Amino acid sequence: MASSFSRVMTGRKTAIMLASLGTGVLATGYLMSDANQATFQERRKLYPPSADYPDLRKHNNCMASSLTPAIYARLRDKVTPNNWTVDQCIQTGVDNPGHPFIKTVGMVAGDEESYEVFADLFDPVIKERHNGYDPRTMKHHTDLDSSKITSGQFDERYVLSSRVRTGRSIRGLSLPPACSRSERREVERVTVQALSGLKADLAGKYYRLSEMTDQEQQRLIDEHFLFDKPVSPLLIAAGMARDWPDARGIWHNFDKTFLIWINEEDHTRVISMEKGGNMKRVFERFCRGLKEVERLIKERGWEFMWNERLGYILTCPSNLGTGLRAGVHVRLPNLSKDPRFSKILENLRLQKRGTGGVDTAAVGDIFDISNNDRIGRSEVELVQMVIDGVNYLIDCEKRLEKGQDIKVPLPLSQFRK
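Residues numbered from 1 in each chain as written. Predicted model: local features only at pLDDT ≥ 70, side-chain atom pairs only at ≥ 80, totals over all residues. Heavy atoms only, no water.

Brief notes about the overall build of the protein
Each helix and strand in the protein was counted, giving 15 helices and ten strands. Classification of the 417 residues of the protein by burial places 52% in the buried group. Counting contacts in the protein only where the partners sit at least 6 residues apart, residues at least 24 apart contribute 74% of the total. Accessible surface computed for the protein: about 19,200 Å², of which carbon and sulfur atoms make up 53%. (Helix = DSSP H or I, 4+ residues; strand = E, 2+ residues; numbered from the N terminus. Buried < 20%, exposed > 50% of the residue type's maximum accessible area, 1.4 Å probe, protein only. Contact = heavy atoms within 4.5 Å. Areas by Shrake-Rupley, 256 points an atom, 1.4 Å probe, with all protein chains shown as cover.)

Some thoughts on the packing of helix H10 (residues 181–195) against helix H13 (residues 279–299)
Here H10 crosses H13 at 115°, and the two axes come no closer than 9 Å. In this structure, H10 crosses over H13, and the sense of that crossing is right-handed. Contacts between H10 and H13 involve Val 190, Thr 191, Ala 194 and Leu 195 from the first element and Val 293, Leu 296 and Ile 297 from the second. A breakdown of the residues in the contact of H10 with H13 according to their chemical character gives six nonpolar, one polar and no charged. (Axes fitted to C-alpha atoms, helices over the stretch in contact; angles between N-to-C directions. Left-handed = near helix turned anticlockwise from the far one by under 90°. Nonpolar A, V, L, I, M, F, W, Y, C, P; charged D, E, K, R; others polar.)

Re the environment of His 59
By secondary structure assignment, the location of His 59 is in the loop between helix H4 (49–52) and helix H5 (62–66). Along the chain, His 59 and Gly 106 lie 47 residues apart, while their C-alpha atoms are 9.3 Å from each other. Sequence-distant contacts of His 59, that is, excluding residues within four places in its chain, are made with Ala 64, Gly 93, Val 94, Asn 96 and Pro 97. Polar contacts involving the side chain of His 59 include one to the main-chain carbonyl oxygen of Val 94, which spans 2.9 Å. (Polar contact = N/O pair within 3.5 Å; in protein donor to acceptor, adjacent residues only side chain to side chain.)

Concerning the confidence of the model for the protein
A residue-level look at the protein finds 88% of positions with pLDDT of 70 or above and a mean pLDDT of 89. The low-confidence segment residues 1–32 (pLDDT under 50) makes 35 contacts with residues lying over four places distant or belonging to another chain. (pLDDT = per-residue confidence, 0-100.)

Description of helix H15 (residues 379–401)
Each full turn of the α-helix corresponds to 3.6 residues, which orients residues three or four apart in the same direction. Here H15 contains 23 residues, and its C-alpha end-to-end distance of 33 Å stays within 8% of the 33 Å for a straight helix at 1.5 Å per residue. Once H15 finishes, Gly 403 follows within two positions and takes phi at roughly 80°, a positive value. (Expected span 1.5 Å × (residues − 1).)

A look at the pattern of salt bridges
All chains considered together, the criterion is met by 41 salt bridges. Notably, a salt bridge pairs Arg 208 with Glu 211, separated by 3.2 Å at the nearest N-O pair. Given the relative accessible area of 28%, Arg 208 is considered partly exposed. The closest approach of N and O atoms between Glu 381 and Arg 377, which form a salt bridge, is 3.7 Å. (Salt bridge = Lys/Arg side-chain N within 4 Å of Asp/Glu carboxyl O.)

As for unusual backbone geometry
Omega for the bond connecting Trp 244 with Pro 245 falls within 30 degrees of zero, at 0°, which places this linkage in the cis form. Here Ala 247, not a glycine, exhibits a phi torsion of approximately 60°, which is positive. Looking at the element boundaries, Ala 247 is found in the loop between helix H12 (233–237) and strand E3 (249–253). Even without glycine at this site, Arg 349 takes up a positive phi of about 60°.

See below:
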């Protein structure tokens, strides 16, 4: 595996960087980093891994289920090229035991290499979280061809809004739990510079959180665009809120239908949305915008993190693969009261939330319905599953309005055949 230094030197404009930083400063920085790593490793060897093993007896998360003393002993003294350790990966899961009825992931990656260096732990966590997807033997398929979508227009008497989102990470820079201030600012610089090249209906403006006027902030709040400083203990323990709001911001097109968050939980969150039920148009814009942003990023000597086993690399293992969540706000007053509702959703591989997000209750019989899976199926397949599934829910709602019976559909398979 290439070192962090070699990836920096080959993946960017070397001459410009050396001219601005100075070769001596750059080399000295990496030598100091290596020296600090050596000191850290020597100090760790004073104690056996068993002395450092965390107490997970009361924990309910995927990390706690997968970590064993033997795995910890193999991984404790390993570091990624960016000096990230397995203890830093699992700290959020150690500090937050979880809930008896809600099983969290319990670990995050500090950089792209975390998933390789600490694969002995990440792989079983990924397999549990993604219901059997085995990164050691399976490959993930990416497909952003929106022309393959069918029946993407919902009945707008029921569907109020449609949205598709994902995340993207920039290769060569540490992920939010581990990044330095300079890396975080580099993510912002690279992304905003690329976004400035978007044209036509994708053209827009960037709003840096630290420089917003009160009027801009209130407008973004009113339009539900603004993301807040993390308050969840899971995110804080993972280091997501460090230096807030430095180098964080929101970019949206002038039509307010294509949105990118910078340096929230991931390097970038890309969102396409609009009111109404035209999911096909939302997904078309999503695919077109993503491809254009990637093209502009590559023109500047960068690329997104991706591999054929894990798909797109993001901070939390729960978002690997597509990182995609396609959802609608849909009114289901009758179906939501039917005892078969949860089973129908399960068999269609859909999940429901309140319109306020995770762990919120439905308001006025309106639910946020989205795909349950992230990896093992392509973007096109997941969006089509949402379209077909939501259309089935609407059909059930219409039948119940007429006093007719409904059926629980046969369960869909999670992975591609």
